[in-house]
Amino acid sequence: MAHRALRFRRAVITVSPLPPTPAQLRTAPGVRGLTRLRMVTALSTATALIILTLAACSAEAPNAAPATERPAQPTPTQLESGTNPLTPVQPVGDPVVIASGLAAPWSILRLPSGATLISERDTARVRELLPDGSLREVGTVEAAQPNGEGGLLGLAFLADTAAPGGDGWVYAYLSTATDNRIERMPLAGSNGGHTLGAPDLVLDSIPRAGNHNGGRIAFGPDGLLYATVGDAGNPATAQDLDALGGKILRMTPTGDVPIGSEANPFDTLVYSYGHRNPQGIAWDSHGQLWSSEFGQNTWDELNRIVPGGNYGWPTVEGQAGDARFIDPEQQWSTADASPSGLVIVSDTIFLASLRGSRLWSIPITSGSTGGDSSTGAPTAWFVNRYGRLRDVVSGPAGTLWFVSNNTDGRGSPVAGDDRLYQVHVRPVSVPAAMVEP
Ligand SMILES: [Ca+2]
């Protein structure tokens with residue numbers, strides 16, 4: 001592990017005078033927590049000018065500066081603050097099975113090309129869905145050491161013509177024996193034959209434990225990478241702004257602290273804190289970030305995430321009415337939810353629930369970018385029909401895709417588990433009889 005990380009850092013450092021990563025500074029003796037993370041910011045500001053200067057005269061610059069290697073992101077349509085949300089949608093008709101035989105699948109990643117990759121937590125495999133519903137192995141994330149709730153977890157994709165192979169990077173959040181970390185691997189090959197190149201380290205030293213590893217990653221409308229991090233069984237870390245546990249992190253595509261107009265609220269990697277085990281993130285049409293979070297014994301949460309927000313764990317769980325903390329917008333008993341993956345389609349939040357064995361839909365009824373959006377009553381779909389559900393994404397042509405998670409050691413798998421399902425969605429206001437599912 002250390003060897004891989006050191007080799008990566010050396011490679012980066014020889015290309016240009018990049019600032020040290022937070023991981024590098026974490027290894028520096030005598031420099032701790034916020035201080036070192038703030039050092040990154042200061043160094044980044046100073047070296048940014050150097051990098052820009054080099055970029056003007058060096059052919060190697062595209063490999064060097066995060067500012068030049070971040071391509072434009074597909075940005076969701078952004079509405080003006082205060083305008084109406086989009087028309088809510090709901091599932092229609094029966095889900096159909098798209099693929100079977102997945103082993104503890106964790107993350108569904110649909111690529112711009114139309115290909116679909118799925119991570120498996122306990123095998124550490126990335127599998128590619130083929131048009132006939134069969135699955136092929138793209139590769140194994142070698143650094144992953146599955147144990148308990150840890151293993152190969154979230155996937156994300158960044159289109160980048162400067163990546164080896166010219167397509168982009170597949171990002172993975174994974175648990176090693178000692179930490180959770182984010183790596184990225186260049187995507188190669190074409191649909192039906194994708195491969196992954198050698199991994200680069202993006203961020204390491206995220207706390208790891210048997211439980212509460214977080215693990216969802218996604219690029220935001222701002223082109224920055226967000227990661228949900230659990231408290232790793234150490235609840236106090238969630239309130240410690242010097243620790244990475246119990247946070248939602250926000251970083252550049254190379255794992256650095258964003259600077260300048262993109263800076264985070266504490267000039268560290270921390271975007272929001274006081275989280276227990278968040279495992280779902282997505283943005284609505286207003287650019288508002290939403291996150292799902294596992295509660296302890298009482299309340300699971302759906303939170304509106306604002307920069308610098310304190311979401312209460314471990315002092316409070318659920319809607320506490322305590323002015324020190326931001327209450328969840330929705331909450332459920334842990335038996336009804338235990339939510340993981342989350343997607344927003346037409347300003348309707350869909351939440352894959354494990355113990356609750358259902359898909360929740362929650363319409364956004366008043367949208368804004370300022371953290372004061374509101375939601376309507378949640379609706380439960382497919383209760384106890386497919387078992388535990390781990391992830392849900394937007395599928396092709398007006399569909400949702402969701403994946404069961406009955407082979408993760410806590411479910412009751414049946415023949416064919418785990419499976420990827422597809423269901424059509426339609427606007428809530430359209431009578432079902434008018435829709436061809
Ligand atoms: Ca909370």
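Caption draft 1: Just the overall build of the protein chain, in detail. What the protein chain contains, in helices and strands, is 5 helices and 26 strands. Each of the 437 residues in the protein chain was classed as buried or not, and the buried ones make up 50%.

Caption draft 2: View of the pairing of strand S17 (residues 299–305). The element S17 is largely enclosed, with a buried count of 7 among its 7 residues. Two elements, strand S16 (residues 289–293) and S17, share 5 bridges in a ladder whose sense is antiparallel. Within the sheet, the bridge partner assigned to Ser291 lies in S17 and is Asn303. Counted between consecutive antiparallel strands, the loop separating S16 from S17 contains 5 residues. In the sheet, S17 pairs with strand S18 (residues 330–333) via 4 bridges, with the strands oriented antiparallel. Residue Glu301 lies in a different strand from S18, and its bridge partner there is Gln331.

Caption draft 3: Structural view of the nonpolar core. Val170, Tyr171 and Leu249 are the most contacted members of the largest nonpolar core, which totals 92 residues. When neighbours within four sequence positions are excluded, Leu249 is seen to be in contact with Tyr226, Ala227, Val229, Leu244, Leu269, Val270 and Tyr271.

Caption draft 4: Geometry of the sheet that holds strand S5 (residues 135–140). Ordered in space as S2-S3-S4-S5, the 4 strands form an open sheet in which the pairing is antiparallel. Among the strands making up the open sheet, the edge pair consists of strand S2 (105–110) and S5. On average, each strand axis in the sheet is tilted by 25 degrees relative to the strand beside it, whichever way the strands run.

Caption draft 5: Summary view of unusual backbone geometry. For the bond from Trp313 to Pro314, the omega torsion is 5 degrees, close enough to zero to count as cis. Looking at the element boundaries, Pro314 is found in the loop between S17 and S18. A cis amide bond links Asp417 with the next residue in sequence, Asp418, at an omega value of -5 degrees. Inspection of the secondary structure puts Asp418 in the loop between strand S25 (399–404) and strand S26 (420–427). Despite not being glycine, Ala104 has its phi angle at roughly 45 degrees, a positive value.

Caption draft 6: Main features of the sheet that holds S16. Across the sheet, 4 strands lie side by side as S15-S16-S17-S18; this open sheet has antiparallel pairing. Taken across any chain shown, the strands that pair with only one partner, and hence form the sheet edges, are strand S15 (278–283) and S18. Geometrically, the sheet is characterised by an average inter-axis angle of 15 degrees between neighbouring strands, direction not taken into account.

Caption draft 7: Representation of the confidence of the model for the protein chain. Summary statistics for the protein chain give a mean pLDDT of 84 and a share of 79% for residues scoring 70 or more. A low-confidence stretch, residues 1–77 (pLDDT under 50), is modelled with 102 contacts involving residues beyond four sequence positions or located in other chains.

Caption draft 8: Geometry of the environment of Thr140. Tracing the backbone shows Thr140 in strand S5. For the pair Thr140 and Ala124, spaced 16 residues apart in sequence, the C-alpha separation works out to 5.5 Å. Discounting chain neighbours no more than four positions away, the residues touching Thr140 are Ala124 and Arg125.

Caption draft 9: Up close: the environment of Asp284. Position of Asp284 among the secondary structure elements: in the loop between S15 and S16. Separated by 63 residues in the primary sequence, Asp284 and Asp347 have C-alpha atoms spaced 5.6 Å apart. The residues contacting Asp284, other than those within four sequence positions of it, are Trp290, Ile344, Asp347, Ile364 and Gly367.

Caption draft 10: A look at the pairing of strand S6 (residues 152–159). The element S6 is extensively covered by neighbouring structure, given that 7 of its 8 residues are classed as buried. Note that S6 and strand S7 (residues 168–175) share 6 bridges and pair antiparallel. The residue of S7 that forms the bridge with Leu158 is Trp169.

Reading the values: rules and limits
Residues numbered from 1 in each chain as written. Predicted model: local features only at pLDDT ≥ 70, side-chain atom pairs only at ≥ 80, totals over all residues. Helix = DSSP H or I, 4+ residues; strand = E, 2+ residues; numbered from the N terminus. Buried ≥ 20, exposed ≤ 12 C-beta atoms within 10 Å, placed from the backbone. Pairing = 2+ DSSP bridges. Core = buried A, V, L, I, M, F, W, Y, C linked by C-beta atoms within 7 Å. Contact = placed C-beta atoms within 7 Å. Axes fitted to C-alpha atoms, helices over the stretch in contact; angles between N-to-C directions. pLDDT = per-residue confidence, 0-100.

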